[in-house]
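# Residue-level structural notes
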Amino acid sequence: MPKNRFYSPEQLALGVTVKLPESAAIHAARVLRMTEGDSAILFNGDGVDYACILTSVKKSAVLAQVTGSTAVENESPLNITLLQGISSGDRMDYTIQKAVELGVNHIQPIATERSVVKLNPARATKRLAHWQSVVHAACEQSGRAVVPQITTPTSLNKWLANHPQNNIARILLNPIGTVRLAKLVKPNGEIQLLIGAEGGLSPNEIDMARTNGFQSVILGPRILRTETAALAAIASMQAVWGDF
């Protein structure tokens, strides 16, 4: 089976010819040096890999025709929503990329009180588009055919106001927590994991989260960086409750 996988937002079906998105076309033509007749895999988030043949490779566009399809069954049994405090530099990209590889279903960027990055509406829109491209690339690499949702950044207060607890398992990674992840009972439904940015969550945000059903959990005796904390927590969940 060809290993080159590309995300396509198009409707895909046997015999259909589609134009690859610009980023995928550039990667196929200029980086991978693919040519007409080469095989590839396309996916659009419906859980299926579509085998394709490149029918045209030009600087302006790359076209691919669907020749077959295979259902992909590698989704995690855990339904994890990551509420990630927006971090600076490449940290946020790294966290999103690796969280997708580890199997999360939904990523909600949270503008916390201690976030170094402050996004106005215009910047938030641009960052969201960029983060979506990071999600697509992580799915291409990891073999996922279901694309995790990443939603518009918001504050913790606003998010909590729009998402009542409803018996959902809520976990707050807190360096002064007293309960270890391995001691928790395996959740039956959605897991909401809240991680602070570089400076952690403020006391006000921690109180707000706990009032709304988040349980403080600790991952060992060492303080983890924001990008390490999210990924260590997700990997631990997959090891204790999931498919690791």
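Residues numbered from 1 in each chain as written. Predicted model: local features only at pLDDT ≥ 70, side-chain atom pairs only at ≥ 80, totals over all residues. Heavy atoms only, no water.

### Section: the nonpolar core
One finds I96, I171, L193, I234, M237 and W241 to be the most contacted residues of the largest nonpolar core, which totals 37 residues. Those residues in contact with L193 that sit more than four places away from it in its chain are T81, L82, L83, I171, A230, A233, I234 and M237. (Core = buried A, V, L, I, M, F, W, Y, C linked by side-chain atoms within 4.5 Å. Buried < 20%, exposed > 50% of the residue type's maximum accessible area, 1.4 Å probe, protein only. Contact = heavy atoms within 4.5 Å.)

### Examining the packing of helix 2 (residues 91-102) against helix 3 (residues 121-142)
Close contact between helix 2 and helix 3 brings their axes to 9 Å; oriented N to C, the two are set at 40°. As judged from the angle between their axes, helix 2 and helix 3 are oblique. Here helix 2 and helix 3 pass one another in a crossing that is right-handed. Of the residues in helix 3, those touching helix 2 at M92, D93, I96, Q97, V100 and E101 are R127, H130, W131, V134, V135, A138, C139, Q141 and S142. Residues of the contact of helix 2 with helix 3, tallied by class, amount to eight nonpolar, four polar and three charged. (Axes fitted to C-alpha atoms, helices over the stretch in contact; angles between N-to-C directions. Helix = DSSP H or I, 4+ residues; strand = E, 2+ residues; numbered from the N terminus. Parallel < 35°, antiparallel > 145°, perpendicular 65-115°, else oblique. Left-handed = near helix turned anticlockwise from the far one by under 90°. Nonpolar A, V, L, I, M, F, W, Y, C, P; charged D, E, K, R; others polar.)

### Some words on the sheet that holds strand 3 (residues 39-43)
Strand order in the open sheet formed by five strands is 1-3-4-5-2, with mixed pairing between adjacent strands. The strands lining the two open edges of the sheet, one partner per strand, are strand 1 (5-7) and strand 2 (17-19). Neighbour-to-neighbour, the strand axes of this sheet turn through a mean angle of 40°, independent of strand direction. Pairing between strand 2 and strand 5 (residues 62-71): three bridges, direction antiparallel. Across the sheet, the residue bridging to V18 is A64, located in strand 5. On the sheet, helix 3 packs against strand 1 and strand 3 and is oriented at approximately 155° with respect to strand 1. (Pairing = 2+ DSSP bridges.)

### Structural notes on helix 5 (residues 203-211)
Every α-helical turn comprises 3.6 residues, leaving residues that sit three or four positions apart pointing alike. Residues of helix 5 that are buried: E205, I206, M208 and A209. For helix 5, the angular spread of buried residues about the axis comes to 160°, placing them on one side. The outward face of helix 5, more than 90 degrees from its buried face, is lined by the exposed residues P203, R210 and T211. Count one or two residues on from helix 5 and you reach G213, which has phi positive near 95°. (Arc of directions from axis to C-beta.)

### Focus on the pattern of salt bridges
A side chain of one charge can pair with a side chain of the opposite charge if their charged atoms are brought near each other. Applying the stated criterion across every chain yields a total of seven salt bridges. Salt-bridge contacts for D49 lead to R5; the nearest nitrogen and oxygen are separated by 2.7 Å. Pair noted here: D49 is in strand 4 (residues 48-57) and R5 is in strand 1, with a separation of 44 residues, a long-range link. On the basis of relative accessible area, D49 is assigned to the buried category, the value being 11%. Taking the relative accessible area as the measure of exposure, R5 reaches 11% and is therefore buried. Note that E75 and R144 form a salt bridge whose closest N and O atoms lie 2.6 Å from each other. Within this pair, whereas E75 is found in the loop between strand 5 and strand 6 (79-85), its partner R144 is found in the loop between helix 3 and strand 8 (149-150), the two being separated by 69 residues in sequence. Relative accessible area serves as the criterion here: at 27%, E75 is assigned to the partly exposed category. With a relative accessible area of 5%, R144 lands in the buried category. Here the salt bridges share partners, and the residues they tie into one network are R91, E198, R225 and E227. (Salt bridge = Lys/Arg side-chain N within 4 Å of Asp/Glu carboxyl O.)

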